[in-house]
Amino acid sequence: MNTNTQQDLGKLILRIALGSLVLLHGVSKLDGGLDGIIKLVETQGFPATFAYGVLAGEVLAPLLVITGFFSRIGGILIVLNMIVALYLVHQGDIGHLNDQGGWAIELQVMYLATAAGIALIRPGRLAVNQR
């Protein structure tokens, strides 16, 4: 297997892993409704329509990333979504460890960092439009 093929497969694995995991959060929110998220954003002083950005960041963006259809834009949307999630939900966890000794927000930071990486690189040849 040549180097280009290996890089394309690696990018595909990253896109599928990040996109699938974030999409599961979005589907869960679609299934349960946005009422809880609307209350959360309103409590922080944001308008209720801000909650629909969660759907863009957790449903639309992962689909873009998985398919490689403007995956860099999808990566940016996930980064923005994770920054907002860290601010709204996990702000108090930033300086804490979890029960297993890991960083309390390690999963959120992993999503953010992986999405940033995807936003910075092309999705490879195994994508809908290589952008």
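Quick caveat: nothing in here was measured; it's all calculated off a predicted structure.

Caption draft 1: View of the overall build of the protein chain. A count of helical and extended segments in the protein chain gives five helices and zero strands. Along the chain direction, N to C, the helices and strands of the protein chain fall in the order α-α-α-α-α. In terms of overall dimensions, the protein chain has a C-alpha envelope of 50 × 35 × 25 Å along the principal axes. Taking all 131 residues of the protein chain together, the buried fraction comes to 33%. Looking at the protein chain alone, contacts between residues at least 24 apart form 65% of all its contacts between residues at least 6 apart. In the structure as shown, the protein chain presents an accessible area of about 7,700 Å², 66% of it carried by carbon and sulfur atoms.

Caption draft 2: Spatial organisation of the packing of aromatic side chains. Tallied over the entire structure, the rule returns two aromatic pairs. Between Phe69 and Phe70, the aromatic rings sit 4.8 Å apart at their centres with planes inclined by 80°, giving edge-to-face as the arrangement.

Caption draft 3: Representation of the pattern of salt bridges. In total, this model carries two salt bridges according to the counting rule given. The residue Asp8 makes a salt bridge to Arg125 at a minimum N-O spacing of 2.5 Å. Placement of the pair is Asp8 in helix H1 (residues 3–32) and Arg125 in the segment after helix H5 (106–120), with a sequence separation of 117 residues. Asp8 sits in the buried class, given a relative accessible area of 8%. The exposure class of Arg125 is exposed, given its relative accessible area of 52%.

Caption draft 4: Structural view of the environment of Leu55. Secondary-structure assignment places Leu55 in helix H3 (residues 52–67). Leu55 sits 43 residues away from Asn98 along the chain, and the two C-alpha atoms are 28 Å apart.

Caption draft 5: The arrangement of the side chain of Ser71 in detail. Within the secondary structure, Ser71 is located in helix H4 (residues 71–88). What makes Ser71 buried here is its relative accessible area of 0%. Ser71 has contacts with Arg15, Leu64, Val65, Ile118, Pro123 and Arg131, leaving out every residue within four places of it along the chain.

Caption draft 6: A look at unusual backbone geometry. Here the phi dihedral of Phe70 falls at roughly 55°; this positive angle occurs in a residue that is not glycine. With respect to the helices and strands, the residue Phe70 is situated in the loop between H3 and H4. Classification of Phe70 as partly exposed rests on a relative accessible area of 29%.

Caption draft 7: Spotlight on the environment of Trp103. You can see Trp103 is positioned in the loop between H4 and H5. What makes Trp103 partly exposed here is its relative accessible area of 36%. Residues Trp103 and Asp93, 10 residues apart in the sequence, show an inter-C-alpha distance of 8.4 Å. With residues near it in sequence (within four places) discarded, Trp103 still touches Asp93, Ile94, His96, Leu97, Asn98 and Val109.

Caption draft 8: The nonpolar core, seen in detail. Counting residues in hydrophobic clusters, the biggest one holds 11 residues: Leu18, Val22, Ala61, Val65, Ile78, Val79, Met82, Ala85, Tyr111, Ala115 and Ile118. Per element, the largest residue contribution to this core is four residues, and it comes from H4. Apart from residues no more than four positions distant in its own chain, Ala61 is found in contact with Ala56, Gly74, Leu77 and Ile78. Residues Ile37, Val41, Val54 and Leu88 belong to the second largest nonpolar core, which totals seven residues.

What counts, and at which threshold
- Residues numbered from 1 in each chain as written.
- Predicted model: local features only at pLDDT ≥ 70, side-chain atom pairs only at ≥ 80, totals over all residues.
- Heavy atoms only, no water.
- Helix = DSSP H or I, 4+ residues; strand = E, 2+ residues; numbered from the N terminus.
- Buried < 20%, exposed > 50% of the residue type's maximum accessible area, 1.4 Å probe, protein only.
- Contact = heavy atoms within 4.5 Å.
- Areas by Shrake-Rupley, 256 points an atom, 1.4 Å probe, with all protein chains shown as cover.
- Phe/Tyr/Trp six-rings, centres within 6.5 Å; stacked < 30°, edge-to-face > 60°.
- Salt bridge = Lys/Arg side-chain N within 4 Å of Asp/Glu carboxyl O.
- Core = buried A, V, L, I, M, F, W, Y, C linked by side-chain atoms within 4.5 Å.

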